[in-house]
Amino acid sequence: MEHDSIADLADAHDKIGRYAEASAARLLAEGKRSSISKAVLRSVWAYMNSYVFKLGFLDGSTGAMVAAYSASYTYQKWALVALGSETKSAEESRTGVKGKSVRFRNRPG
């Protein structure tokens, strides 16, 4: 039985992006925070974990490609969390109330 869940390289990148967005949304909903430097470190760890510790190097170029996709997904996910965290922090500092939204009405001058 042959199963091709990814048609080509562009399809793979698109799929990684969709999964990263969905995971980042879930992590933000759970209150997780990140930064770009943490996203970089996590992606390096994902690559090393896949390629070295899970013996991906034994699969040659395929193992390197799988490790690179893992690193790309991890970076995108945590970078989106970092951007969402910054937005959330800016909103909290603007409103002054965590989790509450303050609305200002236009007052006649």
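This is a predicted model, so every value here is computed, not measured.

Chemist: Before we go on, may I ask you to explain the packing of aromatic side chains in this structure?
Modeler: Given two aromatic rings, one states the distance between the centres and the angle between the planes to describe the pair. One pass over the full model with this rule turns up three aromatic pairs. A ring pair is formed by Trp45 and Phe53, whose centres lie 5.5 Å apart and whose planes are at 40°; its orientation type is tilted. The two residues Trp45 and Phe53 agree in class, both being exposed. An aromatic cluster is defined as three or more aromatic residues linked by ring pairs; in this entry it consists of Tyr47, Tyr51 and Phe57. Sitting over the ring of Trp78, Arg42 keeps its end group 3.9 Å from the ring centre.

Chemist: Where do I start with the confidence of the model for the protein chain in this structure?
Modeler: One rule of thumb: low pLDDT means the predicted coordinates there are not for detailed reading. The predicted model of the protein chain averages 85 in pLDDT, with 83% of residues at 70 or higher. Under a pLDDT of 50 for its full length, residues 100-109 has, in the predicted model, four contacts with residues more than four places off or in other chains.

Chemist: Looking at this structure, how should I read the side chain of Thr74?
Modeler: Assignment of secondary structure puts Thr74 in helix α3 (residues 61-95). In this structure, Thr74 is in contact with Arg42, Ser43 and Ala46, ignoring residues within four places of it in sequence.

Chemist: I'm lost on helix α2 (residues 36-53) in this one. Help?
Modeler: Since one α-helical turn is 3.6 residues long, residues separated by three or four positions face the same way. Taking 1.5 Å as the rise per residue, α2 with 18 residues should run 26 Å; its terminal C-alpha atoms sit 24 Å apart, in good agreement. Among all positions of α2, only Ala39, Ser43, Ala46 and Ser50 are buried. The buried residues of α2 occupy an angular sector of 55° when projected down its axis, which confines them to one face. When the buried face of α2 is taken as reference, the exposed residues oriented beyond 90 degrees from it are Leu41, Trp45 and Phe53. In the segment just after α2, Leu55 is the residue with positive phi, at about 60°.

The rules behind these values
- Residues numbered from 1 in each chain as written.
- Predicted model: local features only at pLDDT ≥ 70, side-chain atom pairs only at ≥ 80, totals over all residues.
- Heavy atoms only, no water.
- Phe/Tyr/Trp six-rings, centres within 6.5 Å; stacked < 30°, edge-to-face > 60°.
- Buried < 20%, exposed > 50% of the residue type's maximum accessible area, 1.4 Å probe, protein only.
- Lys NZ or Arg CZ within 6 Å of the ring centre and 35° of its normal.
- pLDDT = per-residue confidence, 0-100.
- Contact = heavy atoms within 4.5 Å.
- Helix = DSSP H or I, 4+ residues; strand = E, 2+ residues; numbered from the N terminus.
- Expected span 1.5 Å × (residues − 1).
- Arc of directions from axis to C-beta.

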